[in-house]
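Working through the structure, step by step
Chain by chain, the residues run as shown.
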Amino acid sequence: MPKTVMIVDDSASLRQVVNIALKGAGYDVLEASDGQDALAKLTGQKVHLVISDVNMPNMDGITFVKNLKQLPEYKFTPVIMLTTESQEGKKAEGQAAGAKAWVVKPFQPAQMLAAVGKLILP
Amino acid sequence: MNTQALGSNTALEAESNIDALCRNVLPLWAKQVDAVRGQTEEAAVALTGRFARLVERLEAAVAASTDTANGTQGGGGMQRLLGDSEQELQSVVAALRSLLETKENMLAEVVRLSQFTKELEQMAAEVAALAAQTKMLALNAAIEAARVGEAGRGFAVVADEVRSLSLRSGETGNHIREKAIAIGQAIGSVQKVSQDVAQRDQQASAEAERKIHRVLDDFRGTAEQLTRSTTLLQQESMGIRDEIADVLVNLQFQDRVSQILAHVGADMDKLHAHLAGDSALPDPAAWLEALAETYTTAEQRNIHAGADPAAQQASDITFF
């Protein structure tokens, strides 16, 4: 049974790049365009890992992760932040919200796959 | 009107003109920037989609080629076909060899049979010799019977019968010898024909074996060529996949471009809102500070600081 990864990003092309990399490695991929969209789409789904952008309309990535961690079924779901932000202050915010890794765009598909493989729930 | 008043009026007119220009041009700039964002997003989505299909098609082609060469997906596979053919044809060669062996055994039996006919011939000759001796014995007996006169008459009858039997034995012996010679000749003919046929069979079998090996060698050569082509295709495909991975990294430029343009557009909108609302413009330093707060990429901050706007290199990962 393939594992499911959700990619949350307001850039359709970025979502597609992540989608190609993950599907090529055998994962199922769910897409959401911002934090609000992601929370709505997560309901009733079994997602093993979430990759989220930080700067998004409607609900930014940090707020989304904080909300996600409030949901009992996603309390322990690993989150990778994928963003253009490389400032240490922002990284600290992501860590405090509950993210497990911080990837600065542009990402290498192989490195992203390695990070997903390392963090994804069994 | 004095000169100072004239200059002041000109400055006011210029300020009013700049104000009007900015009110009109700023929304246009903002729309242009937004349109560029939309277009690059659309183009990037289309490009990544095409690359995704390229990767899928490449993987399908490699899988099909690998299956043809090795039968990995349950198909026949050239290597498996070669193995099966080799096994089948080797069994044909073995069957031919077995057939030849049977024929050789049969020929040996025929040769053995010709030995028997010679013995039979000898035995017939011995029978004839015995008959001749018996005849001589009967003749002597008849002479002796005649010499004793009347008393030997009975013995003369027996001697006559023995002579008659020896004659018939001699004839039978001769007949057997003739038949044995005829059978020997017939067996000799069969032996010769069988030897010719065996020789031809051996040649045909050897030729068949040579042809089978040649076909298998050709087949093996083609299979090896196919395997080499498949390996090359797999290597090339991996190379192309790596190239596409690089393309996918580079296509992420759109996300950065989009964010930078969004911030520029938002700042234009902010300036236009100030002008349209006729509110006093804030201090330039405060404006720039507020603009810096919106930045999300290292190159925006580099540009703002007057440094080299080198783009972010892939890929920086921090695990918490």
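Residues numbered from 1 in each chain as written. Chains lettered and ligands numbered in written order. Predicted model: local features only at pLDDT ≥ 70, side-chain atom pairs only at ≥ 80, totals over all residues. Heavy atoms only, no water.

Points about the pattern of salt bridges
- For the structure shown, the criterion picks out 21 salt bridges over all chains.
- Here Lys91 of chain A ties to Glu88 of chain A by a salt bridge, and the two come within 3.6 Å at their closest N and O atoms. Pair noted here: Lys91 of chain A and Glu88 of chain A are both in helix 4 (residues 88-97), with a separation of three residues, about one helical turn.
- Note that Glu209 of chain B and Arg97 of chain B form a salt bridge whose closest N and O atoms lie 2.2 Å from each other. Of this pair, Glu209 of chain B sits in helix 3 (residues 153-251) while Arg97 of chain B sits in helix 2 (residues 78-147), and the two are 112 residues apart along the sequence.
- When its relative accessible area of 46% is taken as the criterion, Arg97 of chain B is described as partly exposed.
- The network of salt bridges with common partners includes Asp9, Asp53 and Lys105 of chain A together with Asp255 of chain B. (Salt bridge = Lys/Arg side-chain N within 4 Å of Asp/Glu carboxyl O. Helix = DSSP H or I, 4+ residues; strand = E, 2+ residues; numbered from the N terminus. Buried < 20%, exposed > 50% of the residue type's maximum accessible area, 1.4 Å probe, protein only.)

Quick word on the layout of surface pockets
- Quantified by volume, the largest pocket comes out at close to 530 Å³.
- Lining of the largest pocket is provided by 23 residues; of these, Ile20, Ala21 and Gly24 of chain A together with Val55 and Leu248 of chain B occupy positions nearest its centre.
- Taken together, the elements giving at least two residues each to the lining of the largest pocket come down to helix 1 (12-24) and helix 5 (109-119) of chain A together with helix 1 (3-70) and helix 3 of chain B.
- It is helix 3 of chain B that contributes the most residues to the lining of the largest pocket, seven residues altogether.
- Here the lining of the largest pocket is composed, by residue class, of 12 nonpolar, four polar and seven charged.
- Asp10 of chain A together with Arg37, Ser258, Gln259 and Ala262 of chain B are, among the 14 residues lining the second largest pocket, the residues nearest its centre.
- For the lining of the second largest pocket, the secondary structure elements donating two or more residues are helix 1 and helix 4 (253-276) of chain B.
- Counted by class, the lining of the second largest pocket contains three nonpolar, seven polar and four charged residues. (1 Å grid on protein atoms, 1.4 Å probe; cavity = no way out; pocket = protein on both sides within 12 Å on 5 of 7 lines; lining within 4 Å. Points joined across faces, edges and corners; volume = space filled by probe spheres on them. Nonpolar A, V, L, I, M, F, W, Y, C, P; charged D, E, K, R; others polar.)

What about the side chain of Asp255 of chain B?
- Within the secondary structure, Asp255 of chain B sits in helix 4.
- Owing to a relative accessible area of 2%, Asp255 of chain B belongs among the buried residues under this scheme.
- With near-sequence residues (within four places) excluded, Asp255 of chain B lies in contact with Asp9, Ser11, Leu14, Thr84 and Lys105 of chain A. (Contact = heavy atoms within 4.5 Å.)

Side note on the pairing of strand 4 (residues 79-83) of chain A
Residue and element names in this part refer to chain A.
- In terms of residue burial, strand 4 counts as a mostly covered element, since five of its five residues are buried.
- The side-chain alternation of strand 4 yields two buried faces, one formed by Val79, Met81 and Thr83 and the other by Ile80 and Leu82.
- Strand direction decides the pairing type here: strand 3 (residues 49-52) and strand 4, joined by three bridges, are parallel. Bridge assignment links Ile51 to a residue of strand 4, and that residue is Ile80.
- Handedness of the crossover joining strand 3 and strand 4 through helix 3 (residues 61-70) is recorded here as right-handed.
- Strand direction decides the pairing type here: strand 4 and strand 5 (residues 101-104), joined by four bridges, are parallel. (Pairing = 2+ DSSP bridges. Right-handed = clockwise from strand over helix to strand, strands pointing away.)

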